[in-house]
Amino acid sequence: MSKQKDIVDKAVDALRNEEVPSGPPEELLAAVTSQGAQWERAAASVRGRLRLIRVGRFAAAAVLLIAAGYGVGHFFRPGPPSVKQLQEALEPALLSSLEPVIRDRLAIELSEQWALALAANNAELREEMKGMGLGVLAASGTLTNQRLGELIEAVNRAQSYDRRWVTAALEQIELNRVADTKQLASGLQTLALHTEDQLEQTMQVVADFCARRQTDNGFGDVEQ
Amino acid sequence: MTILCGRPAGKPGRAAVLLREIGLQANWRAIVKEHGPAVWQNCYRLLGNEADAADCFQETFMCVLELSRCQEVRSFRSLLVRVATSRSINRLRRRMRESARTWNGREAAVVASPDAGPSEQAEQQELIWRLRQALGKLGGQEAEVFCLRFFEELSYREIARELGITTSMAGVLLHRARAKLRAILEPAAVSERSEV
């Protein structure tokens, strides 16, 4: 087994160690490089040719198809149709197929127009309401101002009236006070006079009394 | 043998092809200059003569050029090596079919082992010749896996990625290739020794 292994390894080693001439030769390198360029040019021309062939094939196929279509159409071309028959034939089909579509479209168009009209009316109404509101606001403002002016005037009037009334009342009170003072002064003078008179009378009475006592008790007593 | 120059299923767009062509035209000379020596060594080692190696070299580059127009190429080196290996094995097989030759010592080349004597050199040359013959007898993928593993020194994973197979499949193919080569090489060596 080891021998067998050895022979393969030996052969491989020998092949590995075999002297390989340095290369590749320059001319081979140049040939490969130039072949690359040639191959590229050839491939480009082949591609061009292939493209032409492909386009040509397509053109030929298109021409054939058109010719075949024309031939088939020409062969199977029907005679001129009767208008009445055509109408009779088409009417039910058109009715059944177009009526719901037309109805639907009509409904859609009507609803769209309604929506547009409503939108326009809505806008107009809004504008009118806005103008009206502004007018009402302006008028109510003026009236309110007028009323407020009147109210202020009335308040002022009432205040002046009250002020005059208070002044009159104060004057009256002052007059009353002056009168009362005068009356009190005269009363006091009267009282003073009365009191003086009474005092003189009392002094007279006392003097009389004293004189009487002296008379009743003699001279000694009168001296006492 | 895998056909490497087939058009892919998903055809690229016209603009993509045009851009790739423009890029390729600009780089082609550089690609040939950079990877040419590796491809040359690969072809020459497997084929053993300059004429075949040159043909194979040209075929390889033309095939890769066409391939690169059809699809995106990730690594030109690995693609070139793989195509070169595949083409060389094809050529070996064709050569083997055309003439069932036997070793006559005329195809001897120089073996780079200065210590070896003339008889050893002759023996090694014969061994190399037989190995080439044996590689021509292997199945396409087996030979390809063997060459990529032992001459290009790719790992199992790299071989699997290049050939589009699983890693375990690469291992199986390599094992089969070795077994077949042993079976082919060993009797020849034994008979030769008995003749001597």
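Residues numbered from 1 in each chain as written. Chains lettered and ligands numbered in written order. Predicted model: local features only at pLDDT ≥ 70, side-chain atom pairs only at ≥ 80, totals over all residues. Heavy atoms only, no water.

## Quick look at the overall build of chain B
For step 1, the next point in the chain: In terms of helices and strands, chain B carries seven helices and zero strands.
For step 2, the next point in the chain: Helices (α) and strands (β) of chain B occur, in sequence order from the N terminus, as α-α-α-α-α-α-α.
For step 3, the next point in the chain: By residue count, 49% of the 196 residues in chain B fall in the buried class.
For step 4, the next point in the chain: Across chain B, every contact between residues at least 6 apart in sequence was considered, and the portion connecting residues at least 24 apart equals 68%.
For step 5, the next point in the chain: Carbon together with sulfur atoms contributes 51% to the accessible area of chain B, which is approximately 10,100 Å² in total. (Helix = DSSP H or I, 4+ residues; strand = E, 2+ residues; numbered from the N terminus. Buried < 20%, exposed > 50% of the residue type's maximum accessible area, 1.4 Å probe, protein only. Contact = heavy atoms within 4.5 Å. Areas by Shrake-Rupley, 256 points an atom, 1.4 Å probe, with all protein chains shown as cover.)

## Quick word on the interface of chain A and chain B
Frequently, the measure chosen for interface size is the accessible area removed from exposure when the parts meet.
For step 1, the next point in the chain: Every contact between the two is made by 33 residues of chain A and, on the other side, 42 residues of chain B.
For step 2, the next point in the chain: Of the roughly 3,600 Å² buried between chain A and chain B on both sides combined, carbon and sulfur atoms contribute 68%.
For step 3, the next point in the chain: Scanning the region where chain A abuts chain B turns up two salt bridges.
For step 4, the next point in the chain: At the junction of chain A and chain B, the tally comes to four residue pairs in polar contact (both at pLDDT 80 or more). (Buried area = accessible area lost by both parts, 1.4 Å probe. Salt bridge = Lys/Arg side-chain N within 4 Å of Asp/Glu carboxyl O. Polar contact = N/O pair within 3.5 Å; in protein donor to acceptor, adjacent residues only side chain to side chain.)

## As for a nonpolar patch on the surface
Residue and element names in this part refer to chain A.
For step 1, the next point in the chain: Together, Leu 86, Leu 90, Leu 94, Leu 98 and Ile 102 line one region of the surface with nonpolar side chains, adding up to about 430 Å² of accessible area.
For step 2, the next point in the chain: For Leu 86, the position within the fold is in helix H3 (residues 83-223).
For step 3, the next point in the chain: Under the relative-accessibility criterion, Leu 86 is labelled partly exposed at 42%. (Patch = residues over 30% accessible without salt bridge, like charges linked within 9 Å, V, L, I, M, F, W, Y side chains within 5 Å.)

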